[in-house]
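# Structural overview
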Amino acid sequence: MTETISLSKQDIRKLTVAQLKDWLTQHGEQGFRAKQIVEWLWKKSATSFDEMSNLSLKTRELLTEHFEIRAISNAKSQKSNDGTVKSAFKLHDGHLIEGVLIPADDRMTACVSSQVGCSLTCKFCATGYMDRKRNLDAAEMYDQVVAIDRQAKENFSVPLTNIVYMGMGEPLLNYANVLESIDKITSPEGLGMSPKRITVSTAGIAKMIKKLGDDEVKFNLALSLHAANDLKRNQIMPINESNSLENLAEALQYFYGKTKNRITFEYIVFNNFNDTLQDAKELWEFTKKVPAKVNIIEYNPIAEADFKNTGVDKLEQFARFLDSKGVIVNVRRSRGKDIDAACGQLANREKNE
């Protein structure tokens, strides 16, 4: 018995337990089977109805007739010299997205995408030069985590410890699906991961940051800052023109007041653009607005832009200044540059153009 992909069939992972229970009883099946099916889908990550061994053949055939599991598939993987693994994942409609496994001594991190392409046009990011084709649904983000966890176990014999929504797309422009995916990943009825191990990174959409606060989310929030004055940030991140630093600071304060979650500021240091001590001072001033830590990130050049990474001496001087002011600061070295898997380099150049 094989499953065929047909858009006339319903995506079973879009149904709630209650909806599935109703459907089953309407088709002469016992309602309690719904809980078993949901467990196969979200806890055991089944990608076919044939795997659901505690269901009768008749029930599995009925499900196959009416539903499909639109699981992503791995179209291609590349392994970097430093162990980083980048994968192109194919979606049910043929679109490609990229996800990355980032190994470290103390953690295994999955970097997952939230959209096919991106509608924000950040000047330093390869994904920003693509069009946004569509949002990913919750299951497609969940599937990336499952696939990358499998890669971690196969390559390093350890499971994933962390997840960052820092791949292709702006997570807060796909708000409902991102939160639903995190619920499936963290729920005891799903993968059971701790929300404290999950970070959602945004380019800065003030009203949606406030909504995160209203929803009292348990996961971590990171802001891709990259400049702490509006003039410079407008040049590289057009989203700043409608979400100024003042508005973002207010939204972050609101978020912190609701969640008590410390913010992470991500700051790529570009050569001769935002790498002076004056820039460091502006960043320090911004960190005073809300409890925060700073990740300084090496820039990874892309063909579409002329930005270059700052020199080692300047980067260290920048970090030392922040440290001297009591800022928690980490310097994140590039990973997977040789396979275009580093921060800002995800673009699926072979397809999706």
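What you see as residue numbers is a count from 1 along each chain, following the sequence as written. This being a predicted model, a pLDDT of at least 70 is required before a residue's local features are given, and a value of 80 or more before pairs of side-chain atoms are given or counted; all residues contribute to the totals for chains, interfaces and linings. Hydrogen atoms and water are omitted, and side-chain values are computed over all heavy atoms in the structure.

This brings us to the packing of helix 4 (residues 138-156) against helix 5 (residues 175-186). Helix axes are fitted only over the stretch in contact, all axes being lines through C-alpha atoms; the angle between N-to-C directions runs from 0 to 180 degrees. Starting at the N terminus, helices and strands are each numbered in turn, a helix being any DSSP run of H or I of at least four residues and a strand any DSSP run of E of at least two. Where helix 4 contacts helix 5, the two axes come as close as 8 Å, and the packing angle between them is 45°. Between helix 4 and helix 5, the angle is such that the two are oblique. As helix 4 packs across helix 5, the resulting crossing turns out to be right-handed. Across the interface between the two elements, Ala-138, Met-141, Tyr-142 and Val-145 from helix 4 touch Asn-177, Val-178, Glu-180, Ser-181, Lys-184 and Ile-185 from helix 5. Classifying every residue of the contact of helix 4 with helix 5 by side-chain character gives six nonpolar, two polar and two charged. Orientation categories follow fixed angle ranges, with anything under 35 degrees roughly parallel, anything over 145 roughly antiparallel, 65 to 115 roughly perpendicular, and all other angles oblique. Handedness of a crossing follows from how the near helix is turned relative to the far one, being left-handed for an anticlockwise turn of less than a right angle and right-handed for a clockwise one. Contacts are residue-level and defined by heavy atoms, with any inter-residue pair within 4.5 Å sufficient. Amino acids outside the nonpolar list (Ala, Val, Leu, Ile, Met, Phe, Trp, Tyr, Cys, Pro) and the charged list (Asp, Glu, Lys, Arg) are all regarded as polar, and Gly is one of them.

Attention shifts here to the UniProt feature "active site" (unreviewed entry) in the chain. Following the UniProt record, one finds the feature "active site" (unreviewed entry) at Glu-98 and Cys-343. Looking at where Glu-98 falls in the secondary structure, it is placed in strand 5 (residues 96-103). With a 1.4 Å probe rolled over the protein chains alone, any residue whose accessible area is under 20% of its type maximum counts as buried; one over 50% counts as exposed, and the rest are partly exposed. Given a relative accessible area of 4%, Glu-98 falls into the buried group. UniProt positions are given in the numbering used here, feature names are shortened, and annotations may be inferred rather than shown by experiment.

The next subject is the side chain of Ser-181. Note that Ser-181 resides in helix 5. Once residues within four sequence positions are removed from consideration, Ser-181 is found in contact with Ala-138, Met-141, Tyr-142 and Tyr-165.

For an interface, size is often stated in terms of accessible area lost upon the parts coming together. Domain extents, as shown, originate in an automatic or database domain assignment. Annotation of the chain at the domain level lists domain 1 (11-68) and domain 2 (75-339). Taking the mean C-alpha position of each, domain 1 and domain 2 sit 35 Å from one another. At the junction of the two partners, domain 1 supplies seven residues and domain 2 supplies ten residues. Interface area, domain 1 with domain 2, both sides summed: about 770 Å², of which 48% is carbon and sulfur. What makes a salt bridge here is a side-chain nitrogen of Lys or Arg within 4 Å of a carboxyl oxygen of Asp or Glu, nothing more. Across the contact surface, domain 1 and domain 2 share two salt bridges. For the salt bridge of Asp-143 with Arg-13, the shortest nitrogen-to-oxygen distance reads 2.8 Å. Under the rule applied, a polar contact is a pair of N or O atoms within 3.5 Å (in protein, one hydrogen donor and one hydrogen acceptor; residues adjacent in sequence only if both atoms are side-chain atoms). On the surface where domain 1 and domain 2 come into contact, there are six residue pairs in polar contact (both at pLDDT 80 or more). A breakdown of the residues in the side of domain 1 that touches domain 2 according to their chemical character gives two nonpolar, one polar and four charged. The term buried area means the drop in 1.4 Å probe accessible area that two parts suffer when joined, counted for both and summed.

This part covers the pairing of strand 10 (residues 198-202). Burial runs high along strand 10: five of the five residues are buried. Two strands qualify as a pair provided that DSSP identifies no fewer than 2 bridges between them. Inspection of the sheet shows strand 9 (residues 162-165) paired to strand 10 by three bridges, in the parallel sense. The partner of Ile-163 across the bridge, within strand 10, is Ile-198. One crossover worth recording links strand 9 to the parallel strand 10 by way of helix 5, and it is right-handed. Relative to strand 11 (residues 220-224), strand 10 runs parallel, the two sharing four bridges. Considered in strand 11, the bridge of Val-200 is made with Leu-221. The handedness rule is simple: strands pointing away from the viewer, and a clockwise path from the first strand over the helix to the second, make the crossover right-handed. Following the backbone out of strand 10, through helix 6 (residues 206-214) and into the adjacent parallel strand 11, one traces a crossover that is right-handed.

Time to look at the nonpolar core. Ranked by internal contacts, the top residues of the largest apolar core, which has 103 residues, are Tyr-165 and Phe-265. In terms of residues, this core owes the most to one element, helix 4, which gives eight residues. Each of domain 1 (11-68) and domain 2 (75-339) gives at least three residues to this core. When residues no more than four places from it in sequence are discounted, the contact partners of Tyr-165 are Val-112, Met-141, Pro-171, Val-178, Ser-181, Ile-182, Ile-185, Ile-198, Thr-199, Val-200 and Ser-201. Side-chain atoms within 4.5 Å link the members of a nonpolar core, which is a set of buried Ala, Val, Leu, Ile, Met, Phe, Trp, Tyr and Cys residues.

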